[in-house]
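Here is what each chain is made of, one letter per residue.
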Amino acid sequence: PGADLYEPSASPDGRRLVCGLSTWGASLVDLSQGRAPRAVKPILGRGGDDYIFTARSWSADGRSLTGQFALRKAMRWVGIGLYSFDPGAFELLLDRGNRPGLAGEGRTLVYLDGGAVHALDRGTGRTRRVAKPPGEEQFVYLAPARDGRRLYLVHSQDEGDVWISVLRPRP
C-alpha cells in the first residue's frame, strides 16, 4: 500500500516475485507467505542508499538477478550488475549497456548497447556483439529464453516526412 510496483518478474520456481518499488528499485515479494498483503522487501543496491538496483532477469536456478545500477541523486545509469541471494552481494559486471538478461545456465549475459545486442562471457570476461538491427534501427528490448536457445528482441524503426508549406497572403 502507498507504493507503485512495476515490471514484476516471477522466479523460475514461482515462489518469489521481484519488481520495482516506487523509486527504491528492485524489491522482493515472497509468494509462499500465503494470501495478501505480503511483505515487500527492498533489495538495496551497491553502496547502500546511494545506488538503485533495477532487476531485469532471474538466473535459471533462481539464485541471482541481473539488473542495472543507477546513482540515486543523479538518476544516471552506471552499469550492469548481478545480485546473488547467497551471500546477498552485488557485483558490477559492466560500466555500460542496459536491459541485461542471463542466457541459458547463466554463463552468458546478454545486453543492449548502442542499439545492438552484446554478450558477456562471465567465465572469460570477454564481450562481443551478437546482433545489430538493419539500417538505422535499434533494438530497444531483449528477453532471453530460459533454455538459452532463443533471444526475443524488439526493435524501433523511426520514419519521418518533411513537408514544406508556402503561405500566400489573401488578396
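That block above? That's the structure.
Residues numbered from 1 in each chain as written. Predicted model: local features only at pLDDT ≥ 70, side-chain atom pairs only at ≥ 80, totals over all residues. Heavy atoms only, no water.

(A) Layout of the nonpolar core. Core analysis: the biggest nonpolar cluster contains 12 residues, these being Val18, Ala26, Leu28, Ile43, Tyr51, Phe53, Ala55, Trp58, Leu65, Phe69, Val78 and Tyr83. Elements supplying a minimum of two residues to this core: strand E3 (26–30), strand E5 (51–58), strand E6 (64–71) and strand E7 (76–84). Among the elements that take part in this core, E5 stands out by supplying 4 residues, more than any other. Excluding residues that lie within four positions of it along the chain, alanine 55 makes contacts with Val18, Ala26, Leu65, Thr66 and Gly67. One finds Ile80, Leu82, Leu102 and Leu120 within the second-largest nonpolar core, a separate group that totals 7 residues. (Core = buried A, V, L, I, M, F, W, Y, C linked by side-chain atoms within 4.5 Å. Buried < 20%, exposed > 50% of the residue type's maximum accessible area, 1.4 Å probe, protein only. Helix = DSSP H or I, 4+ residues; strand = E, 2+ residues; numbered from the N terminus. Contact = heavy atoms within 4.5 Å.)

(B) Summary view of the sheet that holds strand E4 (residues 40–42). Spatial strand order, E1-E2-E3-E4: 4 strands in an open sheet with antiparallel pairing. In this open sheet, the two strands that pair with only one neighbour each are strand E1 (5–10) and E4. Going from strand to strand, the sheet's axes swing by 30 degrees on average, the running direction of each strand aside. Where E1 lies against strand E2 (residues 16–21), 4 bridges are found, and the strand directions are antiparallel. By the bridge assignment, leucine 5 is partnered in E2 with leucine 21. (Pairing = 2+ DSSP bridges. Axes fitted to C-alpha atoms, helices over the stretch in contact; angles between N-to-C directions.)

(C) Main features of the pattern of salt bridges. Counting across every chain of the model gives 6 salt bridges. We note a salt bridge from arginine 56 to glutamate 7, for which the minimum N-O separation is 2.5 Å. Placement of the pair is arginine 56 in strand E5 and glutamate 7 in strand E1, with a sequence separation of 49 residues. Exposure remark for arginine 56: the relative accessible area of 21% places this residue in the partly exposed category. As a salt-bridge pair, arginine 96 and aspartate 95 come within 3.6 Å of each other at their nearest N and O atoms. Given the relative accessible area of 33%, arginine 96 is considered partly exposed. One salt-bridge network, held together by shared partners, links Glu7, Arg56 and Arg99. (Salt bridge = Lys/Arg side-chain N within 4 Å of Asp/Glu carboxyl O.)

(D) Just the sheet that holds E6, in detail. Taken together, the 4 strands give an open sheet; going across it, the order is E5-E6-E7-E8, and neighbouring strands pair in antiparallel fashion. The open sheet terminates on both sides in strands that have one partner only, identified here as E5 and strand E8 (89–94). Between one strand axis and the next, the sheet turns by 35 degrees as a mean value, whatever way the strands run. Bridge count for E5 against E6 is 7 bridges, and the pairing is antiparallel. Residue pairing for E6: isoleucine 52 is matched across the bridge by alanine 70.

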